[in-house]
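Residues per chain are reported as follows:
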Amino acid sequence: MILQRKDVLGLEDLSAEEILGTLDIAGRFRAVFDRPVRSVPIMRGRTVVNFFHEPSTRTRISFELAEKRLSADIVNFSTVDSSFKKGETLRDTAENLAAMKIDMLVIRHSSSGAARYLAEVLKCSVINAGDGAHEHPTQGLLDIMTMRQRLGDLRGRKVTIIGDIAHSRVARSNIWGLTKLGAEVTLCGPPTMVPGALAKLGEHVKVEHDLKRAVADADVLNVLRIQLERGAGKAFPGNREYHRMYGITGDVVRGLKPEAFIMHPGPMNRDVEIASEVADGPRQVILDQVANGVAVRMALIYLLSGGDPGALAGGAQ
Amino acid sequence: MSFNEKAVIMNAGEMARAVKRMAHEVVEANKGVDNLVLLGVQRRGVPLAKRLGEAIRQVEGREVPSGALDITFYRDDLSRLGPAPQVSSTEMPFDVNEKIIILVDDVLYTGRTVRAALDVIMDWGRPQAIRLAVLVDRGHRELPIRPDFVGKNVPTSQREIIKVRIKEIDGTEEVVVGEVLE
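Since the structure is predicted, the reported quantities are computational estimates derived from the model, not experimental observations.

In an α-helix, one full turn covers 3.6 residues, which means residues spaced three or four apart are oriented alike. Residue and element names in this part refer to chain A. In this model, helix α5 (residues 137-151) (15 residues) spans 21 Å end to end at C-alpha, consistent with the 21 Å of a helix rising 1.5 Å per residue. Across the 15 residues that make up α5, a large majority, 11, are buried. Among all positions of α5, only Pro137, Thr138, Gln139, Gly140, Leu141, Leu142, Asp143, Ile144, Met145, Thr146 and Met147 are buried.

To continue, consider the pairing of strand β1 (residues 47-53) of chain A. All names here are of chain A. For β1, a buried count of six out of seven residues is recorded, marking the element as mostly surrounded by other parts of the structure. The sheet contact formed by β1 and strand β2 (residues 73-78) spans six bridges and is parallel. Paired with Asn50 across the bridge in β2 is Asn76. Regarding topology, helix α2 (residues 58-69) serves as the crossover connection from β1 to the parallel β2, and that connection is right-handed.

Time to look at helix α1 (residues 16-32) of chain A. Residues and elements named next belong to chain A. Taking 1.5 Å per residue as the helical rise, α1 with its 17 residues ought to reach 24 Å, and the 25 Å between its terminal C-alpha atoms agrees with that figure. Taken as a whole, α1 has its buried residues at Ile19, Gly21, Thr22, Leu23, Ile25, Ala26, Arg28, Phe29 and Val32. In this structure, the buried side of α1 is in contact with α2, α5, α6 (169-180) and α11 (286-304).

A separate point is the sheet that holds strand β1 (residues 3-10) of chain B. All names here are of chain B. Taking strand neighbours across the sheet as the criterion, the three strands line up as β1-β8-β7 in an open arrangement whose pairing is antiparallel. Of all the strands in the sheet, the pair left with one neighbour each is β1 and β7 (160-165). Neighbour to neighbour, the strand axes of the sheet diverge by 30° on average, direction disregarded. Judged from the six bridges that link them, β7 and strand β8 (residues 174-180) form a sheet pairing that is antiparallel. Counted as the bridge partner of Lys163 is Val176 from β8.

Residues and elements named next belong to chain A. Looking at chain A, the domain boundaries give domain 1 (16-135 + 291-315) and domain 2 (137-288). The C-alpha-based centres of domain 1 and domain 2 are spaced at 26 Å. Facing 20 residues of domain 1, the contacting portion of domain 2 comprises 20 residues. Grouping the constituent residues of the side of domain 1 that touches domain 2 by class yields nine nonpolar, seven polar and four charged.

Reading guide: rules and limits
- Counting starts from 1 at the beginning of each chain's written sequence and moves along it residue by residue.
- Numbering of ligands from 1 and lettering of chains from A proceed in the order in which they are written.
- Local features in a predicted model are, by the rule used here, given only for residues with pLDDT of at least 70; side-chain atom pairs are given and counted only at 80 or more, and totals for whole chains, interfaces and linings are based on all residues.
- Numbering of helices and strands runs from the N terminus; a helix is a DSSP stretch of H or I covering at least four residues, while a strand is a stretch of E covering at least two.
- A helix is expected to span 1.5 Å multiplied by its residue count minus one.
- Counts of 20 or more other C-beta atoms within 10 Å of a residue's own C-beta define buried residues, counts of 12 or fewer define exposed ones, and intermediate counts define partly exposed ones; C-beta atoms are placed from the backbone.
- Pairing between strands is defined by DSSP: at least two bridges between the two strands are required.
- Here the term right-handed applies to a crossover when the path leading from its first strand over the helix to its second strand runs clockwise, the strands being oriented away from the viewer.
- Throughout, a pair of residues is in contact if the C-beta atoms placed from their backbones lie within 7 Å.
- Helix axes are fitted to C-alpha atoms over the stretch in contact, other axes to C-alpha atoms as well, and angles between N-to-C directions run from 0 to 180 degrees.
- Segment limits for the domains were obtained from an automatic or database-derived domain assignment.
- Note on residue categories: nonpolar means Ala, Val, Leu, Ile, Met, Phe, Trp, Tyr, Cys or Pro, charged means Asp, Glu, Lys or Arg, and polar means any other residue, Gly included.

This is how it looks when you write it as structure tokens:
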């Protein structure tokens, strides 16, 4: 068994073996996308509920596609059109769902720890699709998968994450996953968004407030979205100042190692954290990230449902 | 799964002769090799398909393309536990539409693997026909599936296990029968 657990709540909990095993399976699911029929029947008759308590387009669609390509039955609901509006608590909503016999719950929530809370309450598997500023494990996995496709083994590779690290669940999942696989992580952004204490997250994590120095020997730049809707604007004087000091412009890219590439979890604020010239340029791998996202979600859902590719070798007769 | 080995039922020479005979039968039944492709079921079906292809080339003097089929995501026993992970993949180096596919596996038992393999192939396209070649048919079918080409028929009890060992995977070349240890 690659994943011997009921839930995936964050990359902090996963071992390097679990991460690499999941990515191997994700690679096999990616191969399925190139066929005329892009789904496999393995999850037929299983029910997955996507519970989004925060706006999301990309992650929700990616989970939905992953579930459909596994032939699972799916139910989507978001707070906008649910009984949350009538004052029902998170636990009551979740227990009602469980009473309807579901096999898996995918949850996106604005509060850190919401996924873990539900995982403790519910018997079914829970996948964290992003909880507050805590973790976004599927984004972390798809980022790592994209890096490994280009770089192979990540041991000793240098990854620079730029943006609002303090409030970013994407950054935290990246940091946990990357350091477990032996990469060296540099965090960069204004001191209001990248407190020096973040370096305590790991032996191979460092903080560098100067963008030029932070990217000089990087193999990968993971450029985070400035979350203007979460009040990120208060942490710096204005979008133009942010772009001038921390934006990834054509000039920044020209100063990188020749094979270094740029990632962004989307949606992009063009000409704030990333210049259009770079976002549309030859060095970015943003659409690879999107495609890998569906594959890693398929892999996690499959593995948490008891999927075991090893059964093939032993029980094929 | 541990088992107590009882007897060698095919040695390397017998395996090679069986594959050679099956090659002749495939060519005869198909009246040549037009449109013919071979698909081995992961894992031991894959080297067996390559060998069958090589034997057919020696008979007919023409290459027959060969691919690999992974049925993991088509199994009907998702939640049963098994041994350590074994990652393999599907390699389909040809368009399956209008082809005559010879599906190759080492042992035919319940028929469930073949059922899954048929579904995988259908998701790649619509072949003209699919035929089944197995090195060993041990009986005990649970589905209405029968082989077209058989290396050796081996009557077994359900407590027994048939193990095909292939040089490329196991280092040795033999077919053994054993008893499962509880």
